[in-house]
Amino acid sequence: YVALPSASAIQRKEILEICRETGCRLKTLPGMYQLLNGEVSIAELRDVQIEDLLGREPIRVNMDEIMDYVCGQVILVTGGGGSIGSELCRQIAKHRPRKLIIFDIYENNAYELQQELKRDYPRLDLLVLIGSVRNTHRIESVFEKYRPDIVYHAAAHKHVPLMEDSPDEAIKNNVFGTYKTAVAADKYGARRFVLISTDKAVNPTNIMGASKRMCEMVIQMMSRHSKGTTFAAVRFGNVLGSNGSVIPLFKRQIAEGGPVTVTHPDIIRYFMTIPEAVSLVLTAGSYAEGGEIFVLDMGEPVKILDLATNLIKLSGLKPGVDIEIKFTGLRPGEKLYEELLMAEEGLHKTDNNLIFIGEPIDMDDDRFLMQLAELKDACYKEVTDVKERVSEIVTTYRYKKED
């Protein structure tokens, strides 16, 4: 039992690394003030989480100050049932929006979130709509009828290996879904539009990352031509505990007795928690002046092998003895490391010393629109060279030509 709730993240990491070597299961004790206030009970001793071993303090944002611009507004969250989208909705619901609209193609997640928010915020004016951002008429009808003030665009295909095998779908959903939603936001007078992006958009080696880079290009282009909507993008790394992320996979593999699969012994990633990611998105919404790509200082990257080893030890088991670690090889389009910012973008500070702004990259908007039109036609014809076509638009995209 680790009974040091006031220890810093770095101190906690050092202590847990020592405790791990005992082979015992570890639990942490909540703070005494939390017990006295009745916030938690002694029964809520929790297992040590892998985020305890990230070794940095959690990002803290003054949400009350940030959320002043959300209160009394009509908010639309596309992909609102997903990992990031649903947390956005939870945070927004706390700050009295006039109306919160969840738009998602997947009805199960949307339904579960609807029930949760209705239970936790009975006075919230909540609307859950099922539909696809690919559908121009559907997305325009939503904007025309409800006139959202602020749009958080989280709808996207995100699984790298799956998109490598279905590149046309990555482009249709990510690029043209973003374009159609952004055009509707501009047409129907949304004040702000915030795109959820990824560090995989930087010098991409996979079609998912290249598609998100194109989404950022769409946002920067829209920002230059919109008369009333402020467009911005938010880029961050891997999110701990999100759907399809590595931690739930490792936990399931350990529970099943192994092996725990790691693609490469040297692979590293930047990590953050879902609440951290969402606080950055909401902060960007308030900082945005137009065309920015906001980037979070995510601390030191973490080796995936270390995550796997630590999680096995935290479960009271021995790596290589009780649970095998198996290396499976890099998946198609997967990098050993991710970069958060392209060199040519530069960095500017904001009022938050953990959030930076990348310089917009010069691009020919007319040429980009022409390339988009050609790419859209190609994708809907199911061409076989879509990756090559994308590489002509995203010049930093390095893809492996298929045999």
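Residues numbered from 1 in each chain as written. Predicted model: local features only at pLDDT ≥ 70, side-chain atom pairs only at ≥ 80, totals over all residues. Heavy atoms only, no water.

A word on the overall build of the protein. Within the protein, the secondary structure is distributed over 14 helices and 17 strands. Looking at the protein as a whole, 53% of its 403 residues are labelled buried. The long-range fraction of contacts in the protein, counting pairs at least 24 apart against all pairs at least 6 apart in sequence, stands at 77%. (Helix = DSSP H or I, 4+ residues; strand = E, 2+ residues; numbered from the N terminus. Buried < 20%, exposed > 50% of the residue type's maximum accessible area, 1.4 Å probe, protein only. Contact = heavy atoms within 4.5 Å.)

Attention now moves to the environment of Thr-198. Structurally, the position occupied by Thr-198 is in strand S7 (residues 192-198). In sequence terms Thr-198 and Met-208 are 10 residues apart; their C-alpha atoms lie 9.6 Å from each other. Among all residues touching Thr-198, those that are not within four sequence positions of it are Met-208, Lys-212, Glu-216, Val-234, Arg-235 and Phe-236. Side chain to side chain, Thr-198 and Asp-199 meet in a polar contact 3.4 Å long. (Polar contact = N/O pair within 3.5 Å; in protein donor to acceptor, adjacent residues only side chain to side chain.)

The next point concerns the side chain of Ser-197. Looking at the secondary structure, you find Ser-197 in strand S7. Engagement of the side chain of Ser-197 in a polar contact is seen with the side chain of Glu-216, the distance being 2.6 Å.

According to the stated counting rule, one finds 18 salt bridges in the structure shown. Lys-99 is the partner of Asp-125 in a salt bridge, and the nearest nitrogen-oxygen pair spans 3.2 Å. Of this pair, Asp-125 sits in the loop between helix H5 (107-120) and strand S5 (126-130) while Lys-99 is found in strand S4 (residues 99-104), placing the two residues 26 residues apart along the sequence. You can call Lys-99 buried: its relative accessible area is 19%. Residue Lys-172 pairs with Glu-382 through a salt bridge whose shortest N-O separation is 2.8 Å. In this pair, Lys-172 is assigned in helix H8 (residues 167-187) and Glu-382 in the loop between helix H13 (365-380) and helix H14 (386-393), connecting sequence segments 210 residues apart. (Salt bridge = Lys/Arg side-chain N within 4 Å of Asp/Glu carboxyl O.)

This next bit is on the sheet that holds strand S17 (residues 355-358). The nine strands lie next to each other as S5-S4-S3-S6-S7-S8-S13-S17-S16, forming an open sheet whose pairing is mixed. Looking along the sheet, the strands with just one partner apiece sit at the ends: S5 and strand S16 (348-349). Bridging between strand S13 (residues 292-296) and S17 involves four bridges; their strand directions are antiparallel. Looking across to S17, one finds that Val-295 is bridged to Phe-356. Where H5 meets the sheet, its contacts fall on S4 and S5, and the angle it forms with S5 comes to roughly 175 degrees. Sheet strands touched by helix H9 (residues 207-225): S7, strand S8 (230-236) and S13. Its angle to S7, the strand with the most contacts, is close to 155 degrees. (Pairing = 2+ DSSP bridges. Axes fitted to C-alpha atoms, helices over the stretch in contact; angles between N-to-C directions.)

Another point: the nonpolar core. Formed by 48 residues in total, the largest nonpolar core has its most connected members in Phe-143, Ile-171, Phe-193, Met-214, Phe-368, Leu-375 and Val-390. It is H9 that provides the largest number of residues to this core, a total of 10 residues. Membership of the second largest hydrophobic core comes to 43 residues, among which are Val-77, Ile-196, Val-239 and Val-281. (Core = buried A, V, L, I, M, F, W, Y, C linked by side-chain atoms within 4.5 Å.)

Among all positions of H14, only Val-386, Lys-387, Val-390, Ser-391 and Ile-393 are buried. Looking down the long axis of H14, one finds its buried residues gathered within 155 degrees of arc, a one-sided arrangement. (Arc of directions from axis to C-beta.)

Below, the discussion takes up the packing of aromatic side chains. Using the criterion set out here, one finds three aromatic pairs in the structure. Between the aromatic rings of Phe-193 and Phe-231, the centroid separation amounts to 5.3 Å while the plane-to-plane angle is 40 degrees, which identifies the pairing as tilted. A residue pair is termed long-range when its members are at least 10 positions apart, and Phe-193 in strand S7 and Phe-231 in strand S8 qualify at 38 residues. Summarising the burial analysis for this pair, Phe-193 and Phe-231 share the class buried. In this structure, Lys-172 is placed above the aromatic ring of Tyr-380, and the distance from its NZ or CZ to the ring centre is 4.8 Å. Over the ring of Tyr-69 we find Arg-192; its NZ or CZ atom is 5.4 Å from the centre of that ring. (Phe/Tyr/Trp six-rings, centres within 6.5 Å; stacked < 30°, edge-to-face > 60°. Lys NZ or Arg CZ within 6 Å of the ring centre and 35° of its normal.)

It is worth spelling out the pairing of S13 at this point. Most of S13 is tucked away, with five of its five residues classed as buried. Burial along S13 is two-sided: the residues Glu-292, Phe-294 and Leu-296 and Ile-293 and Val-295 are all buried.

Before going further, it helps to examine unusual backbone geometry. In this structure, the amide linkage connecting Gly-258 to the following residue, Pro-259, adopts the cis form with an omega of 0 degrees. Checked against the element boundaries, Pro-259 lands in the loop between helix H10 (246-255) and strand S10 (260-262). The phi torsion at Arg-147 lies on the positive side, around 45 degrees, for a residue other than glycine. Note on placement: Arg-147 falls in the loop between helix H6 (136-146) and strand S6 (150-153).

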